[in-house]
Structures are given as structure tokens and as C-alpha cells.
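In case you want the letters, here they are:
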Amino acid sequence: MSGFVEKPEPLQVPGLVHLHTGKVRDLYQNEAGDLVMVASDRISAYDWVLPTEIPDKGRILTQLSQWWFDQLADLIPNHVLSTDLPDGAPADWAGRTVVCRSLQMVPVECVARGYLTGSGLLEYQESRTVCGLALPEGLVDGSELPAPIFTPATKAEVGEHDENVSYEEVARRVGADTAARLRQTTLAVYSRARAVARDRGIVLADTKFEFGFDGDRLVLADEVLTPDSSRFWPADRWEPGHAQPSFDKQFVRDWLTSAESGWDRRSEQPPPPLPDEVVEATRAKYVEAYERLTGTSWS
Ligand SMILES: Nc1ncnc2c1ncn2[C@@H]1O[C@H](COP(=O)(O)OP(=O)(O)O)[C@@H](O)[C@H]1O
Ligand SMILES: [Mg+2]
């Protein structure tokens, strides 16, 4: 069992048609046919969208993505058309709403990894490969890879796990030419972002991009380089051989799997609400990631 603990009702906004309630974002279409993406304060963990929100998360993630799109603008076009609030939208959408070009999305989660951890580490321990790519012996949790690798995944429905797939499988699904463009672009954008983050004392261990086509132009879409789509580690505490401290949902995951939560991940039960101190510590992590990366203070 997984999914939403409580699925929110979409807002009715004149001039907008509700398309989809994602794990974190709500999608609408405006009268011009553009996409209106509204980031909520929802947080997901262990394939559940939790019943507790993290205040300001939607605005932090939207503005961090926006900052990255600007940093990357010379490398890749992005889907952003405007960050102005659409007419008739509720005032509390300000700062977390982006009007974007509606793209023909490529159904591949384009992951780049520069370090070994997570699902990559699990596959490596079984077979010395990640997404079928052979890696040298002797790597441990948190090791830097000899060079960044493209490790695509297929996008799962809410409540399902994304599944890692080989490059050959991506080529079968989207064609060899598009697969090659995805790999080349993912690695180029990752390399740039990693250098930017490194200058700010953050290791960008891995990240996920989504691309779409506008005609035959490949465009960077969705959110980019946020703690929800990336693993950020404080560089001064990076030490291979164990799990790294990180700027994301670690407090949430740790609490949910602790005895204190009373929740069993493998049970059919939905996870319980988060206590205030876990909410506050998590919010502080998102703020810290934003401030360290952009060099500007939040609020
Ligand atoms: N420019 C775009 N055009 C069309 N779809 C997009 C665009 N940018 C992002 N999307 C899609 O919008 C959704 C964003 O909402 P999100 O909460 O992340 O949903 P999900 O639970 O599907 O990950 C994703 O399904 C993403 O693929
Ligand atoms: Mg998403």
C-alpha cells in the first residue's frame, strides 16, 4: 500500500482547468494552452505522500528551480514562460506557481550520478554495475565514481517505485537518437550544476531531470536541482563508507523508521502525521539548501 494518505481536492480557479494532482505539484492548463504548475508544501517519503506539510517548501523548491534554470540558461532551454500569478489565482499561490510551455514529455527519468549511493549502491553490491554499466571494484556508499554516469529510470505512478532501466531499454522506448540526446544533455547539465554546487560547499551526488520536446527542440522541464530531485551533501562532511548527511528528507525518513513513529514501513498502514520538531528540522534543511546554493537569505 502507498499513495496519498489524504488526497487533496483541486482548487477551482476561473480560467484554469485542473489536469493532474501530482505527489508535490498540481497542474492546470490556462486558456492559452500553457501549463500552470503549482508546487504545494506536500512531502513524500517511502512512496507515500505524507499527511503533514512542510511550511514554505513549495516556494523554496520553486525558487531554487528558478535560480538553477537561470544558471543553466546558456546550456539548455527550459520550459518557464512566466512566474507571474495567473489572473484569478489565489494569493497564496504567489512564489510557487510557474507558467510553463506544455511539452511533449519524454517518459524517462533522466538521472545522472557522480557518486554511488541509494539504488545505485544496491545494484553495485549485487553485480558491480549500475543500470547495467560496469564499475570498478572497491567502491563503497558515497564513493565518487570515476566519471558521472547516466542511469535512467522509468517514471512510476504515485505510490510505485521508479525502476532503473538500461540505456538500451531507453533507446528501445524513445529511439536511439533521442536516447543519445538525453544522455549527452543530462551529463552536460549535471556536470555544470555539480561544479556550481561544489563552489558553494555542496556535493551534488546525483540528480534527476525531465525533458520534453517543443517540436524537435529538447527542453528542460519539471523542477530542477532541488532537494526533492537531487542528493546534496555538505562537502566538508563527505566521507565514503557510510550514509552521508544530506539536505533533504533525512529527518522525515529517520523518524518514520524509528520506534517513536510506531509505523511499520512494510505494513498496509499509512504513515502517521509528523511531529512539529521533525517538520521544523526539515523546513530548516530546505532553507539551508536554498541559502547555501543561491547565496541569498530566505525571507
Ligand atoms: N513543461 C511540462 N510539460 C508537460 N508536463 C510537465 C512539464 N513539466 C513537468 N511536467 C510534468 O508535471 C508533473 C509535475 O508534478 P509532480 O508533483 O512532480 O508529479 P509526479 O507525482 O507525477 O512526479 C510531472 O508529471 C511532470 O512530468
Ligand atoms: Mg515529480
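My aim in this report is to walk through the structure given alongside it, one point at a time.

Thresholds, definitions, all that
- Residues numbered from 1 in each chain as written.
- Chains lettered and ligands numbered in written order.
- Predicted model: local features only at pLDDT ≥ 70, side-chain atom pairs only at ≥ 80, totals over all residues.
- Helix = DSSP H or I, 4+ residues; strand = E, 2+ residues; numbered from the N terminus.
- Buried ≥ 20, exposed ≤ 12 C-beta atoms within 10 Å, placed from the backbone.
- Pairing = 2+ DSSP bridges.
- Axes fitted to C-alpha atoms, helices over the stretch in contact; angles between N-to-C directions.
- Near = placed C-beta within 6 Å.
- Nonpolar A, V, L, I, M, F, W, Y, C, P; charged D, E, K, R; others polar.

### Section: unusual backbone geometry
Link 1 in the chain: Even without being a glycine, R128 presents a positive backbone phi close to 60°.
Link 2 in the chain: Checked against the element boundaries, R128 lands in the loop between α2 (118-127) and β11 (129-130).
Link 3 in the chain: Taking the number of C-beta atoms within 10 Å as the measure of exposure, R128 has 14 and is therefore partly exposed.

### Let's talk about the sheet that holds strand β8 (residues 97-100)
Link 1 in the chain: In spatial order, the strands read β2-β3-β4-β8-β7; together these five strands make up an open sheet with antiparallel pairing. Where the open sheet ends on each side, the last strands, each with one partner, are β2 (17-21) and β7 (80-82). Adjacent strand axes in the sheet meet at a mean angle of 35°, parallel and antiparallel pairs treated alike.
Link 2 in the chain: Pairing of strand β4 (residues 35-39) with β8 involves four bridges; the strand directions are antiparallel. Note that in β8 the partner of L35 across the bridge is C100.

### Some thoughts on the site of ligand 1
Link 1 in the chain: Taken together, 17 residues lie near ligand 1, and G22, K23, R25, H79 and A221 sit nearest.
Link 2 in the chain: Secondary-structure elements contributing two or more residues to the shell around ligand 1 are β3 (25-29) and β16 (202-214).
Link 3 in the chain: Of the residues belonging to the shell around ligand 1, the class tally is eight nonpolar, four polar and five charged.

Remember, this is a structural readout, not a statement about activity or role.
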